[in-house]
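Remarks on the overall topology
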Amino acid sequence: MRTAVDIAAGVRAGELSALEVLDEHLERVVLREAEIHAFNHLTEEAARAAATGLDRRVAAGEDPGPLAGVPVALKDNLCTEGVPTTCSSRILEGWIPPYTATVVERLVAAGAVPVGKTNLDEFAMGSSTENSAFGPTRNPHDVTRVPGGSSGGSAAAVAAGFAPVSLGSDTGGSIRQPAALCGVVGVKPTYGTVSRLGLVAFGSSLDQIGPFSATVADAALVLEVIGGHDPGDSTSLPGSFPSVSEHLDDGVSGLRVGIVTEMMGDGIAADVTARVRAAADALAAAGATVEEVSVRAVTYGLSAYYLVAPAEASSNLARYDGVRYGVRVEAATAGEMMEATRTAGFGDEVKRRIMLGTYALSAGYYDAFYGKALKVRTLIRRDFDAAYERFDVLLSPTSPTTAFPFGDKTADPMAMYLNDVCTIPTNLAGHPAMSVPFGVGDDGLPVGVQVLAPALGEVVMFRTAAVLEGSVR
Ligand code: GLN
């Protein structure tokens with residue numbers, strides 16, 4: 001399969017037709033989408049028109065940009081003007097956004113070709129896509145297993161070769177965990193480096209958009225296009241995204257790598273930790289020094305996250321009231337209409353989060369729960385900062401296990417939440433982290449190794465990822 005880097009180079013040079021590239025990918029969609037269900041909505045016609053336009057521009061001597069002719073799949077919580085955006089929720093049925101997310105505008109301006117909107121856990125709440133109102137996505141490596149979540153459709157789309165790259169969102173692990181389970185690269189960049197304008201909000205202080213791809217270089221290329229300041233997002237950092245691509249071959253010689261002790265023990269499968277140790281060995285062989293490091297407060301990450309994220313979600317989801325968006329269930333009074341609409345429109349997990357968050361924010365409980373979680377969040381950031389005084393990057397598993405069978409964890413919310421123990425602390429700290437495929441577990445399914453870095457440490461994170469990619473056996 002072609003990489004985004006190769007496609008863009010070929011199309012820009014006039015050696016590859018954007019339309020032919022698109023058709024190659026759409027042929028794979030025809031063959032496997034019925035089985036995989038990566039997409040909520042395909043935009044083939046618009047994609048063909050865009051690709052044809054790109055080929056014409058190249059023929060006329062124009063350069064369409066760094067992603068010329070690259071098909072992209074978009075998580076269905078990214079607003080696309082004129083194209084339905086459902087968040088895989090009944091409550092948004094029939095809603096069509098009046099504007100396009102900044103990241104999508106930037107992709108298109110760089111020559112990329114959106115092919116469709118991908119499936120997710122409803123409002124990005126979940127770790128398996130089993131919470132989608134439209135049915136789950138299946139893992140392309142084994143269709144009896146989940147692709148991870150919440151961005152399972154975006155991960156599966158890349159793993160199945162439906163698109164060389166896709167976008168997801170990561171609030172507690174929703175890019176990295178499905179990337180690990182589907183055997184692709186997934187990146188959560190530093191909070192504030194990629195605009196959230198047009199991303200349907202879940203936990204606003206945690207949400208970040210990032211890429212999925214088959215290669216580390218493709219993820220770097222996409223981030224350089226979508227990243228950088230956006231005046232439309234008040235949490236957007238000034239300046240442009242660091243240029244990571246030019247450092248991919250810098251190696252890790254002299255780099256200090258720390259394996260996070262707390263993420264290598266209880267609850268993490270032995271075949272997964274074995275792959276992390278193999279990754280550490282590969283980095284050592286490439287000239288890095290590797291040691292274990294304790295980042296104690298990360299053990300409280302899950303508890304803090306399940307107060308902060310639901311609190312923010314309960315506030316963000318208050319807007320789905322039957323008045324402004326999507327579905328309305330009529331009733332005698334406005335209050336009853338809102339209650340009936342929200343009862344019918346939201347799935348069980350979303351309701352659970354709204355109740356958790358409302359409780360944690362209510363008078364008398366605010367300080368005990370939400371306030372305390374914010375303090376723990378600070379502790380986690382401090383413990384990471386202390387580790388980064390001694391280490392350039394940290395290493396851990398991305399997910400505690402490889403892809404699990406459908407239904408395995410749906411009866412017990414806590415079992416599902418535990419999928420994100422290794423990814424959540426990064427979101428609470430606002431730091432970047434990425435998952436890199438590094439071989440397979442005992443069941444032959446992909447294992448992802450997580451590379452974590454301090455805020456704005458994307459260059460060193462990608463250098464490490466590139467070495468892992470080059471040394472995987
Ligand atoms: N699985 C986590 C949750 O359910 C993370 C989701 C995400 O990152 N969007 O909240």
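Just so you know, these numbers come straight off a predicted model, no measurement behind them. (Residues numbered from 1 in each chain as written. Predicted model: local features only at pLDDT ≥ 70, side-chain atom pairs only at ≥ 80, totals over all residues. Heavy atoms only, no water.)

**Examining the pattern of salt bridges**
According to the stated counting rule, one finds 19 salt bridges in the structure shown. Ionic pairing is found between Arg-90 and Glu-93, a salt bridge with its closest N-O pair at 2.8 Å. Judged by its relative accessible area of 38%, Arg-90 falls in the partly exposed class. You can call Glu-93 partly exposed: its relative accessible area is 39%. The salt bridge partner of Arg-390 is Glu-291, with a shortest N-O separation of 3.5 Å. Of this pair, Arg-390 sits in helix H12 (residues 366-390) while Glu-291 sits in strand S8 (residues 289-293), and the two are 99 residues apart along the sequence. Look at Arg-390 and you get partly exposed, because its relative accessible area is 46%. One salt-bridge network, held together by shared partners, links Asp-142, Arg-145 and Asp-443. (Salt bridge = Lys/Arg side-chain N within 4 Å of Asp/Glu carboxyl O. Buried < 20%, exposed > 50% of the residue type's maximum accessible area, 1.4 Å probe, protein only. Helix = DSSP H or I, 4+ residues; strand = E, 2+ residues; numbered from the N terminus.)

**Looking at the side chain of Thr-464**
Here Thr-464 lies in helix H15 (residues 458-471). Assessed through its relative accessible area of 0%, Thr-464 is described here as buried. When near neighbours in sequence (up to four residues on either side) are disregarded, Thr-464 contacts Val-252, Leu-255, Leu-283, Val-393 and Val-451. (Contact = heavy atoms within 4.5 Å.)

**Topic: the environment of Asp-420**
When you line up the elements, Asp-420 lands in the loop between helix H13 (413-417) and helix H14 (424-429). Distance in space between the C-alpha atoms of Asp-420 and Ser-399 is 6.6 Å, their sequence separation being 21 residues.

**Description of the nonpolar core**
Residues Leu-107, Leu-395, Met-434 and Phe-462 are the most contacted members of the largest nonpolar core, which totals 81 residues. Take this core: its biggest share by element is eight residues, from helix H7 (residues 216-226). Residue contacts for Leu-107: discarding those within four places in its chain leaves Leu-67, Val-72, Leu-74, Ala-112, Leu-167, Val-222, Val-225 and Ile-226. With 50 residues, the next largest nonpolar core counts Ala-124, Ala-297, Leu-307 and Ile-380 among its residues. (Core = buried A, V, L, I, M, F, W, Y, C linked by side-chain atoms within 4.5 Å.)

**Observations regarding the site of the ligand**
In the neighbourhood of the ligand, 15 residues make up the surrounding shell, with Gly-172, Ser-174, Tyr-305, Arg-353 and Asp-420 lying closest. Asp-420 has a polar side-chain atom sitting 2.6 Å from a nitrogen atom of the ligand. Its residues placed into classes, the shell around the ligand shows five nonpolar, seven polar and three charged. (Near = heavy atom within 4 Å. Polar contact = N/O pair within 3.5 Å; in protein donor to acceptor, adjacent residues only side chain to side chain. Nonpolar A, V, L, I, M, F, W, Y, C, P; charged D, E, K, R; others polar.)

**Some details on the side chain of Glu-458**
Within the secondary structure, Glu-458 sits in helix H15. For Glu-458, which is buried and forms no salt bridge, the nearest opposite charge comes from Lys-188, at a distance of 7.2 Å. Among all residues touching Glu-458, those that are not within four sequence positions of it are Pro-189, Thr-190, Thr-193, Phe-241, Pro-242, Val-244 and Pro-432. (Lys, Arg positive; Asp, Glu negative; His and termini not counted.)

**Focus: the sheet that holds strand S11 (residues 446-452)**
Taken together, the 11 strands give an open sheet; going across it, the order is S1-S3-S2-S4-S6-S5-S10-S11-S9-S7-S8, and neighbouring strands pair in mixed fashion. Looking at the sheet topology across the chains shown, the edges are occupied by strand S1 (39-42) and S8. Taken pair by pair, the neighbouring strands of this sheet meet at an average axis angle of 30°, ignoring direction. Taken together, the three bridges between strand S7 (residues 256-260) and strand S9 (residues 393-397) define a ladder with parallel strand orientation. Note that in S9 the partner of Ile-259 across the bridge is Leu-395. (Pairing = 2+ DSSP bridges. Axes fitted to C-alpha atoms, helices over the stretch in contact; angles between N-to-C directions.)

**Side note on H12**
Taking 1.5 Å per residue as the helical rise, H12 with its 25 residues ought to reach 36 Å, and the 36 Å between its terminal C-alpha atoms agrees with that figure. The largest bend along H12 measures about 25° and falls at Lys-372. Restricting attention to buried positions, one finds in H12 the residues Tyr-370, Gly-371, Ala-373, Val-376, Arg-377, Ile-380, Phe-384, Ala-387 and Tyr-388. Those residues of H12 hidden inside the fold are in contact with S8, helix H9 (301-316), helix H11 (348-361), S9, H14 and S11. (Expected span 1.5 Å × (residues − 1). Bend = angle between axes of the 7 residues up to and from the residue.)

**Let's talk about the pairing of strand S2 (residues 71-75)**
The element S2 is largely enclosed, with a buried count of five among its five residues. Side chains Pro-71, Ala-73 and Lys-75 of S2 all project onto a buried face; the interleaved residues Val-72 and Leu-74 project onto the opposite face, where all are buried too. Here five bridges tie S2 to strand S3 (residues 113-118), and the two strands are oriented parallel to one another. Residue pairing across strands places Lys-75 opposite Thr-118, the latter belonging to S3. In this fold, the crossover linking S2 to S3 by way of helix H4 (residues 102-109) has right-handed handedness. (Right-handed = clockwise from strand over helix to strand, strands pointing away.)

Remember, this is a structural readout, not a statement about activity or role.
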